[in-house]
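# What the coordinates show
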Amino acid sequence: MTERGGPLRLGIVLGALVLLAAGAAVAQEPWRQEWTKTLDAARKEGVVAVSGPPGPSEREAVVTGWQKAFPDIRIEYTGARGTQILSKVVRERESGLYNWDIVIASTDPTVFMLPPINALAPLRDALIDPAVSDDKEWVGGFDQGFVDAARKFFYSATGSAGMSLGYVNRDCVSREAFSKSDDLLKPEFKGKIASHDPLLPGSGSRSTWRLTVDKGDAWLKDLYTGQDVTFSRDYRQLTEWLVGCGKPIVIGLPSDAFLQMQKAGLGKNVEALTGPAYFGDHGLGWAGANDDIGWYNNAPHQNAAKLFINLYLSRDFQQLWASSNHTDSRRIGTKPGDPDPNTGLNPKLIYAAWGDEASIRQVKALQEKIMGWGVVQ
Amino acid sequence: MPSLRVARAHRENHLLYTAVFVVVATVVVAPLLFLIVDSFQIAAPGAYPFWGFGAWRAALGNSDIWLAMWNSVRLYLATSVIAWPVAIVLAWVVARTDIPGQNWIEFLLWLSFFLPSLTVVMGWVTLIDPSTGLFNQAIRRLPFINLASGPFDIYSFWGLVWVHLGQNAISIKTILLIPAFRNLDVYMEEAAQVSGAGLVTTLRRVVIPLMMPAIIVTALLSFVRLWQSFEIELVLGIPQGFYVYGTKIYDLLNVQVPEYGQATVLAVLVIFVTFPFMVFQQRFSVGRRYETITGRARRRPTSLARAKWPVFAAVMGIALIVSILPMVAVLVATFMKVFGHFELSEPWTLNHWTQVLRDPILLQAVRNTIVIAGSAALLSVAVSVVVAYILARTRYRLRGVLDVMTWLPQALPGMLMGLGVLWIVLTLFKPLYGTLSLLVIVTVVAGMTVGIQIVKSNMVQLGTELEEAARIAGASWFATLLKVVLPPLVPVLVLVATFSFVAASRDVSNIILLASGQSMTLALLQLDYMVAPLWESATVVALIMTLITTGVALVARACNLRLGVR
């Protein structure tokens, strides 16, 4: 039987639901209010000053991403290597000049230069949109992205699973001859291995360090001294050797240097050296690149800086960044930008940090030892 | 050497000279002092200042550094033994003989100076890499040649020497010597030939001795400069375990936390090593008479007679190695998908040009480069004239100290110079910080050694008689400088302006700590692409720089200035 008052009751129920939803929206209101207030204040500041990694794709991603989100606030982006820009920032702050709002750089040298002079502000103080710091939104939870020792100033939003030791060209090295790190010591590969200078910061020294976690320092010394490993600081040179089979095994070569060659049709049978065969079974790890983010205390445009942090960690921007720079974001729901399927992070797995301050200190300790061996100066 | 009368007339200008002395000391010595003082500061960043010898002990206690310094010296010696005779003969041929197309030959030498060094290095690698080099492969295909690799190896000591010779070692020396050779009065050569001396004897016994101020200054410039050389060695030296002083400095400035203290110690070490040479050239150039431009000066080319065309062929052979081949390499690199890989089914592309020309920051970088390099060129000429005049034509008491001070920017690695200037500016001239003017100043300071010393070495060739006549006729010091001293030096001044323009437009190391995104120059944009690493696109930016610089050289030609590109 249909009651005459049915539609009325349904209307009341629906009305109540609408009111509840509105109530929920009102409950969210504080952060939105803060967002509006910050946006207004940022508009008055008129500009945000960002230093970040060099490179046209990095510059374009940051500038276009910002201009799309906040077209009425100017962005001043300076692309430079971390060692250069941070040296400058340190001197400026010693002289009482506070010119920068945001720093985007790699873990080293940032964590060794900025926290000691108390130049960075706690990142969480800048977060307004609660979704940005929601643990469910990040592989390993939000806090796993902090790379500084205090775990509150400098944050890595991107990351690759595992790590590549380097590349091998299968046109000239068969899988039977070379399929694990121990094969590097085979006499047939003497003079055939090149490595990015392990004394320099970057992916080369990090992957070399990871190799020693499994094989030990003495093993690495044997490799360097016994196999006539050729060192280079030029990624292009290493890539040329790799694709031309002059040095068919290259350690410490980042993917972006090689991928361009492969895109052009060279080195089609070049393979990345990843997984337990090369690093041992020590659990999974992740590491970011030169795109960790922090914001300065005494930033000249604090409100614009807050907007930038929230934008940078948003899913849309992380997607833009990952696609533009061939990397992967830790933010769940973004598509991998790195064409290597092995580097994508799986939200269901647990990863250890291989690019945080503690790891970098171990890398530095290894570099000191390598210097003592006299194989590379 | 100026006569006593001229010196007396200059006495009233000592105040002006002292002002110049103070300015040079402020921009050159003060940054160095800041660096030296800071090298004793061993506390970590942010910690309470703590003083000690840590940086000095670490730098001087490193045995590798001494080997690297020795490597630098032997590389310099090997290069110089070949480059000097070639450069002197080349400069004489271009400036003093009737060889056809001499101005275009000089222009080709300039072109080699304009070209991006890293691209040229990669060009040589493409040709003579021991296994994949195109030239080596062609030789190995010849009958009776049975080699697995080589025969030429660019990753060797002599490979390094070859690339240095092909890049700048010959061309820069020649460019810097040509104006001095041009200023030689023909009667001296004629007198030698009338006395029965042949061409070679005239060159050896008359021309070269008279050119000694210019030769010594150029030699010292390249000796001081050798300590900063690292780009070629980074690519070709490290794979063979060959480290030089420049790569050591580069390392110290590019580790996780830059070791500015240790880098300063090494810079001081170089100043210490080169100091006696600086003093020697100062005493040598002002202690004797080298007047080759007098009131009766005549210039007429020496006839090469039947040797004209063989000499022309030999000179073009050198031009081919130092300019034409590298220029072709640079041009080809910008249109190839991957430079050197002709084996690709479709090796050519316009993508690199499209990418760079669509870059929204390109126009700003072009504008900044022209403003900075143009201003630096004009300011460099003014600074060079004033300082060189004090050094060469006055008896100002502190001119010896001033002379040595002008060498310091050349001896200081660019990033250290930038850091020193950064300190000075942040301490004393904060309003300048972040402006294009600061970048102009730092590029002028960085390039002042070449400008001042080249103008000075040419000024000592000027006879004093015209100057004395002008002063007796009542001309003021400034009028005499403007109307008597400078006109014969116009080719040198144009050279200094062009040289400064090129150096400022290519400068990265001196300005990198002082520039921002808003003061991006083409050289910094090139670095941006290089780091990416978009190597071919970086070469496009470098080629745009080369085109702008070439345009400036051609404008100088259009203005009928005697640059030698007529």
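Residues numbered from 1 in each chain as written. Chains lettered and ligands numbered in written order. Predicted model: local features only at pLDDT ≥ 70, side-chain atom pairs only at ≥ 80, totals over all residues.

## Here's the deal with the overall build of chain A
This is how the line gets drawn: Secondary structure elements follow DSSP: runs of H or I no shorter than four residues count as helices, runs of E no shorter than two count as strands, and numbering proceeds from the N terminus. This entry defines residue contacts through backbone-placed C-beta atoms, with two residues in contact when those atoms are within 7 Å.
Across its full length, chain A holds 12 helices and 13 strands. When contacts within chain A are restricted to residue pairs at least 6 apart in sequence, those whose partners lie at least 24 apart make up 78%.

## Side note on the packing of helix 5 (residues 102-114) of chain B against helix 8 (residues 157-182) of chain B
Residue and element names in this part refer to chain B. For the record, the criterion: Under this scheme, a helix contributes an axis fitted over its contacting stretch, all axes are lines through C-alpha atoms, and angles between N-to-C directions fall in the 0 to 180 degree range. Here is the rule for angles: anything less than 35 degrees is roughly parallel, anything more than 145 is roughly antiparallel, 65 through 115 is roughly perpendicular, and the remaining ranges are oblique. If you view the pair so one helix is near and one far, a crossing is left-handed when the near helix is turned anticlockwise from the far one by less than a right angle, and right-handed when it is turned clockwise.
Between helix 5 and helix 8, the least distance of the axes is 9 Å, while the angle of their chain directions is 130°. Viewed along their axes, helix 5 and helix 8 adopt a mutual orientation that is oblique. As for the relative orientation of helix 5 and helix 8, their crossing is left-handed in sense. Contact with helix 5, carried on its side by Glu 106, Leu 109, Trp 110, Ser 112 and Phe 113, involves Asn 168, Ser 171, Ile 172, Thr 174, Ile 175 and Ile 178 of helix 8 and no other residues of that element.

## Digging into the interface of chain A and chain B
What counts, and what does not: Three classes are used: nonpolar for Ala, Val, Leu, Ile, Met, Phe, Trp, Tyr, Cys and Pro, charged for Asp, Glu, Lys and Arg, and polar for all others, with Gly counted as polar.
Taken together, the 44 residues of chain A in the interface contact 37 residues of chain B. Within the side of chain A that touches chain B, the residues separate by chemical class into 18 nonpolar, 16 polar and 10 charged.

## Some details on the environment of Asp183(A)
Residues and elements named next belong to chain A. Under the convention used in this document: Counting other C-beta atoms within 10 Å of a residue's own tells you its class, since 20 or more makes it buried, 12 or fewer makes it exposed, and anything in between is partly exposed; those C-beta atoms are placed from the backbone.
Note that Asp 183 resides in the loop between strand 6 (166-169) and strand 7 (193-196). Using a count of 17 C-beta atoms within 10 Å as the deciding quantity, one classes Asp 183 as partly exposed. Among all residues touching Asp 183, those that are not within four sequence positions of it are Ala 177 and Phe 178.

## Examining the environment of Ser329(A)
All names here are of chain A. Mapping Ser 329 onto the fold places it in the loop between helix 11 (315-325) and strand 13 (352-353). When the C-alpha positions of Ser 329 and Ser 156 are compared, they lie 9.2 Å apart, and in sequence the two are 173 residues distant. When neighbours within four sequence positions are excluded, Ser 329 is seen to be in contact with Ala 157, Thr 158, Gln 318, Gln 319, Trp 321, Ala 322 and Thr 334.

## Describing the sheet that holds strand 10 (residues 270-272) of chain A
All names here are of chain A. Here is the rule we go by: The pairing criterion for strands is at least two bridges between them, as found by DSSP.
Spatial ordering of the open sheet is given by 8-7-9-6-10, a layout of five strands whose pairing is mixed. Across the chains shown, the open sheet's two edge strands, defined by having one partner strand only, are strand 8 (230-232) and strand 10. Within the sheet, the average angular offset between the axes of one strand and its neighbour, ignoring direction, is 20°. One ladder, built from three bridges, connects strand 7 with strand 8; its direction is parallel.

## Concerning unusual backbone geometry
Residue and element names in this part refer to chain A. Here the residue pair Asp 108 and Pro 109 is connected by a cis peptide bond, since its omega of 10° sits within 30 degrees of zero. Summarising the element assignment, Pro 109 is placed in helix 4 (residues 107-113). Phi angles above zero are rare outside glycine, and Asp 228 is one such case at about 50°. Note that Asp 228 resides in the loop between helix 6 (217-226) and strand 8. Taking the C-beta count within 10 Å as the criterion, Asp 228 has 12 such neighbours and is therefore assigned exposed.

## Considerations on the sheet that holds strand 5 (residues 160-161) of chain A
All names here are of chain A. The sheet built from three strands is open, its strands ordered 5-11-13 with mixed pairing. Each end of this open sheet is capped by a strand with a single partner; those strands are strand 5 and strand 13. Two elements, strand 11 (residues 285-287) and strand 13, share two bridges in a ladder whose sense is parallel. Each bridged residue has a counterpart across the sheet, and for Trp 286 the counterpart in strand 13 is Ala 353.

## Focus on the domain arrangement of chain A
Residue and element names in this part refer to chain A. Where we set the bar: Each domain's extent was defined by an automatic or database domain assignment.
If you check the domain split of chain A, you get domain 1 (41-160 + 288-346) and domain 2 (163-283 + 361-373). The C-alpha-based centres of domain 1 and domain 2 are spaced at 30 Å. Looking at the side of domain 1 that touches domain 2, its residues break down into one nonpolar, two polar and three charged.

## A look at helix 5 (residues 203-215) of chain A
Residue and element names in this part refer to chain A. Under the convention used in this document: Between the first and last residue of a helix there are one fewer steps than residues, each counted as 1.5 Å, and that sum is the expected span.
Here helix 5 spans 18 Å end to end across 13 residues, near enough to the 18 Å set by a 1.5 Å rise per residue. All buried positions along helix 5 are accounted for by Ser 203, Gly 204, Ser 205, Arg 206, Ser 207, Thr 208, Trp 209, Arg 210 and Leu 211. One or two steps after helix 5, the chain reaches Gly 216, where phi turns positive at roughly 90°.

## Side note on helix 10 (residues 302-312) of chain A
With respect to burial, helix 10 of chain A is a largely interior element, 11 of its 11 residues being buried. When helix 10 of chain A is considered as a whole, its buried residues turn out to be Gln302(A), Asn303(A), Ala304(A), Ala305(A), Lys306(A), Leu307(A), Phe308(A), Ile309(A), Asn310(A), Leu311(A) and Tyr312(A).

## As for the nonpolar core
A general feature of soluble globular proteins is that nonpolar side chains tend to end up buried together. Stated precisely, the cut-off is as follows: Under the definition applied here, buried Ala, Val, Leu, Ile, Met, Phe, Trp, Tyr and Cys residues are grouped into a nonpolar core through C-beta atoms within 7 Å.
In terms of nonpolar packing, the biggest core is built from 278 residues, with Ile102(A), Trp295(A), Phe308(A), Ala91(B), Val121(B), Leu177(B) and Val541(B) touching the most fellow members. Among the elements that line this core, the one with the most residues is helix 17 (residues 362-393) of chain B, at 15 residues. Among the domains, domain 1 (41-160 + 288-346) and domain 2 (163-283 + 361-373) of chain A are the pair contributing at least three residues each to this core. If sequence neighbours within four positions are ignored, Leu177(B) has contacts with Ala87(B), Ile88(B), Ala91(B), Met211(B), Ala214(B), Ile215(B) and Thr218(B). Grouped together as the second largest cluster of nonpolar side chains are five residues, Trp209(A), Ile360(A), Leu366(A) and Ile370(A) included.

## A few points about the pairing of strand 7 of chain A
Residues and elements named next belong to chain A. The side-chain alternation of strand 7 yields two buried faces, one formed by Ile 193 and Ser 195 and the other by Ala 194 and His 196. Here three bridges tie strand 7 to strand 9 (residues 249-251), and the two strands are oriented parallel to one another. Each bridged residue has a counterpart across the sheet, and for Ile 193 the counterpart in strand 9 is Ile 249.

## Side note on the packing of helix 4 (residues 63-96) of chain B against helix 15 (residues 308-335) of chain B
Residues and elements named next belong to chain B. Viewed as axis vectors pointing N to C, helix 4 and helix 15 meet at an angle of 125°, and their least axial separation amounts to 12 Å. As summarised for this structure, helix 4 and helix 15 are arranged oblique, according to the angle between their axes. Along this stretch, helix 4 crosses helix 15, giving a crossing that reads as left-handed. Contacts between helix 4 and helix 15 involve Val 86, Leu 90 and Val 93 on the former and, on the latter, Val 311, Val 315 and Ile 318. Considering only residue class, the contact of helix 4 with helix 15 consists of six nonpolar, no polar and no charged.

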